[in-house]
Amino acid sequence: MNIMKKAHTRMTANSVSDRKSEMSDTSSHKNSKTRFKLKMKMMSSLGMAGMVSGSKSHTVVYENTYKTDPEDDHRFSQVKAEQIIYSVFENYLAKREYDAKRFPSLSKTLSELIKERLRDSGLDRYKIVSVVTLCENRDQGTRVASRCLWNAKHDNHASVVFEGANFFAVGSVYAVYFD
């Protein structure tokens with residue numbers, strides 16, 4: 001019996017020391033996690049968020065330009081935008097007939113194309129929204145309206161209506177200056 005008590009006591013002592021070492025491993029893991037989070041927070045506040053210890057990659061941090069007005073040669077021109085919209089409509093819609101299956105995807109394609117051409121014309125600091133509506137013309141009345149909240153000094157829009165054989169297209173572009 002005495003031997004059994006000694007074995008039980010040794011097992012209990014071993015299990016207690018195992019638990020203590022497991023707890024210390026868990027607490028050291030939590031501490032290292034906390035230290036890592038603190039280090040990352042400190043690095044991000046210093047502008048070194050991409051640098052991890054031992055890593056040689058650097059994150060590029062851009063400074064603000066504080067340009068609150070667009071440069072004269074990069075201003076949004078309503079006339080130029082209308083010409084771009086009309087030329088896209090002329091090239092892609094001139095000899096087409098309305099097709100209910102193809103026109104929804106064509107509307108999205110034309111919208112993206114207009115936005116790309118405006119972006120290529122030098123409007124780097126503008127957010128551009130392009131909307132193209134294609135509808136079958138069955139002698140119905142249609143109104144397209146929009147409202148925007150913006151700075152009237154820098155922001156503007158352009159709109160063009162194009163009439164095909166049995167459809168019409170309305171293309172609208174909104175340019176909002178951001179610094």
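Preceding block: the structure.
Note that this is a predicted model, so its numbers are computed, not measured.

Moving on, we get to the environment of aspartate 139. Mapped onto the secondary structure, aspartate 139 falls in the loop between strand S1 (126–136) and strand S2 (156–163). Separated by 28 residues in the primary sequence, aspartate 139 and phenylalanine 167 place their C-alpha atoms 9.9 Å from one another.

What follows concerns the sheet that holds strand S3 (residues 167–177). If you trace the 3 strands from one edge of the open sheet to the other, you get S1-S3-S2, paired in antiparallel fashion. Where the open sheet ends on each side, the last strands, each with one partner, are S1 and S2. Along the sheet, successive strands turn relative to each other by an average axial angle of 10 degrees, direction set aside. For S2 and S3, the ladder comprises 8 bridges, and the chain directions are antiparallel. Bridge pairing in S3 links alanine 158 to valine 173. Here helix H2 (residues 78–93) sits on the sheet and contacts S1, S2 and S3; the angle it forms with S2, its principal contact strand, is near 30 degrees. Across the sheet, helix H3 (residues 103–120) lies against S1 and S3, angled at about 150 degrees from S1, the strand it touches most.

Time to look at the packing of H2 against H3. Running from N to C, H2 and H3 point in directions that differ by 140 degrees, and their axes come no closer than 10 Å. When the axes of H2 and H3 are compared, the pair comes out oblique. Crossing hand, H2 versus H3: right-handed. Each of Ala81, Ile84, Ile85, Ser87, Val88, Phe89, Asn91, Tyr92 and Leu93 in H2 lies in contact with H3, whose residues at this interface are Leu106, Leu110, Leu113, Ile114, Arg117 and Leu118. Class assignment for the residues of the contact of H2 with H3 results in 12 nonpolar, 2 polar and 1 charged.

On to the pairing of S3. Among the 11 residues that make up S3, 10 are buried, leaving the element largely enclosed by the rest of the structure. As consecutive antiparallel partners, S2 and S3 are separated by 3 residues.

For the rest of this paragraph, the subject is the side chain of serine 130. Summarising the element assignment, serine 130 is placed in strand S1. If we ignore the near neighbours within four places in the chain, the residues touching serine 130 are Ser111, Ile114, Lys115, Ser172 and Val173.

This brings us to the packing of aromatic side chains. This model, assessed by the stated rule, comprises 7 aromatic pairs. Members of the aromatic cluster, joined through ring pairs, are Phe76, Tyr126 and Tyr177.

Attention now goes to the side chain of histidine 154. In this structure, histidine 154 sits in the loop between S1 and S2. Judged by relative accessible area, which is 8%, histidine 154 ranks as buried. Look past the residues within four positions of histidine 154 in its chain and what remains in contact with it is Thr68, Asp69, Pro70, Arg75, Tyr126 and Tyr177.

For H2, which comprises 16 residues, the first-to-last C-alpha distance of 22 Å matches the rise-based estimate of 22 Å (1.5 Å per residue) to within 8%. Residues of H2 that are buried: Ala81, Ile84, Ile85, Val88, Phe89 and Leu93. The buried residues of H2 occupy one face: seen down the axis, they fall within an arc of 130 degrees. Those residues of H2 that are exposed and aimed more than 90 degrees away from the buried face are Val79, Gln83 and Asn91. Tucked inside the fold, the buried residues of H2 contact H3, S1, S2 and S3.

Conventions used here
Each chain carries its own residue numbering, running from 1 in the direction its sequence is written. Per-residue local features of the predicted model are confined to residues with pLDDT of at least 70, and side-chain atom pairs are confined, for both listing and counting, to 80 or more; whole-chain, interface and lining totals are unaffected and use all residues. Hydrogens and water molecules were not included; the side-chain quantities draw on all heavy atoms of the structure. Strands are runs of DSSP state E lasting at least 2 residues, helices are runs of H or I lasting at least 4, and numbering of each runs from the N terminus. DSSP bridges decide pairing: two strands pair if at least two such bridges lie between them. Each axis is a line fitted through C-alpha atoms, taken for helices only over the stretch in contact, and angles between the N-to-C directions span 0 to 180 degrees. Any pair of residues with heavy atoms lying within 4.5 Å of one another is described as a contacting pair. Put simply, angles under 35 degrees are roughly parallel, angles over 145 are roughly antiparallel, angles from 65 to 115 are roughly perpendicular, and the rest are oblique. Should the near helix be turned counterclockwise from the far one by less than a right angle, the crossing is left-handed, whereas a clockwise turn marks it as right-handed. Asp, Glu, Lys and Arg are counted as charged, while Ala, Val, Leu, Ile, Met, Phe, Trp, Tyr, Cys and Pro are counted as nonpolar; the rest, among them Gly, fall into the polar class. With a 1.4 Å probe rolled over the protein chains alone, any residue whose accessible area is under 20% of its type maximum counts as buried; one over 50% counts as exposed, and the rest are partly exposed. For this analysis, a ring pair means two rings from Phe, Tyr or Trp (six-membered ring only for Trp) whose centres lie within 6.5 Å, classed as stacked if their planes differ by under 30 degrees, edge-to-face if by over 60, and tilted for the remaining angles. Expected helix span is computed as 1.5 Å times (number of residues minus one). Working note: the arc is built from the helix axis to C-beta atom directions.

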